[in-house]
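Listed here are the chains, written in short residue letters.
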Amino acid sequence: KMYTCWIPLGTYCIEESTLAICEKSHKLKMINSRGEEMSDEYGLEPRPWRSTQYQMGDIVIFDIKTTHAATTNQTKLFRLSIDTRW
């Protein structure tokens, strides 16, 4: 099993581009030899994205299979973060 650890290097609100996680995306199965993309129990319906404000010192650890992205930066500021996989 592999995990990702995301670490913000400051305090950031959602409008400054923070980590967003697709709810229950870690339950997706890999594509099989027949080209099937997802398991029947997950389905193809859209899943909500979750995010929040982060502060320096926060960390988020999630399964490597978790679909994640950044929220849209709606400011002229920039965000610094680190992610590691282990």
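Summary of the structure given here. Remember, predicted model here, so these are calculated numbers, not experimental data. Residues take numbers from 1 onward in each chain, read along the sequence in its written order. Two thresholds apply to this predicted model, a pLDDT of at least 70 for residue-level local features and 80 or more for giving and counting side-chain atom pairs, whereas whole-chain, interface and lining totals are computed over all residues. Working from all heavy atoms in the structure, the side-chain values ignore hydrogens and water.

Some remarks on the sheet that holds strand 1 (residues 3-8)
Pairing in this open sheet of 3 strands is antiparallel, and the strands run 4-1-6 from one edge to the other. Looking at the sheet topology across the chains shown, the edges are occupied by strand 4 (60-63) and strand 6 (81-85). Strand-to-strand twist of the sheet, defined as the mean angle between neighbouring strand axes without regard to direction, takes the value 20°. The pairing of strand 1 with strand 4 spans 4 bridges and is antiparallel. Directly across from Trp6, in strand 4, lies its bridge partner Val60. DSSP bridges decide pairing: two strands pair if at least two such bridges lie between them. For helices the rule is a DSSP run of H or I covering at least 4 residues; for strands it is a run of E covering at least 2, with both sets numbered from the N terminus onward. Only the stretch in contact is used when fitting a helix axis, every axis being a line fitted to C-alpha atoms; angles between N-to-C directions are given from 0 to 180 degrees.

Some words on the pattern of salt bridges
Salt bridge, as applied in this entry: a Lys or Arg side-chain nitrogen positioned within 4 Å of an Asp or Glu carboxyl oxygen. Under the counting rule described, the total for this entry stands at 3 salt bridges. Linking Lys1 and Asp63 is a salt bridge whose minimum nitrogen-to-oxygen distance equals 3.5 Å. One end of the pair, Lys1, is in the segment before strand 1; the other, Asp63, is in strand 4, and 62 residues separate them in sequence. The exposure class of Asp63 is buried, given its relative accessible area of 14%. A salt bridge links Asp83 to Arg85, with the shortest nitrogen-to-oxygen separation between them at 2.7 Å. Think of it in three bands: residues with accessible area under 20% of the maximum for their type are buried, residues over 50% are exposed, and the middle band is partly exposed, with areas taken using a 1.4 Å probe on protein chains only. For Asp83, a relative accessible area of 37% corresponds to the partly exposed category.

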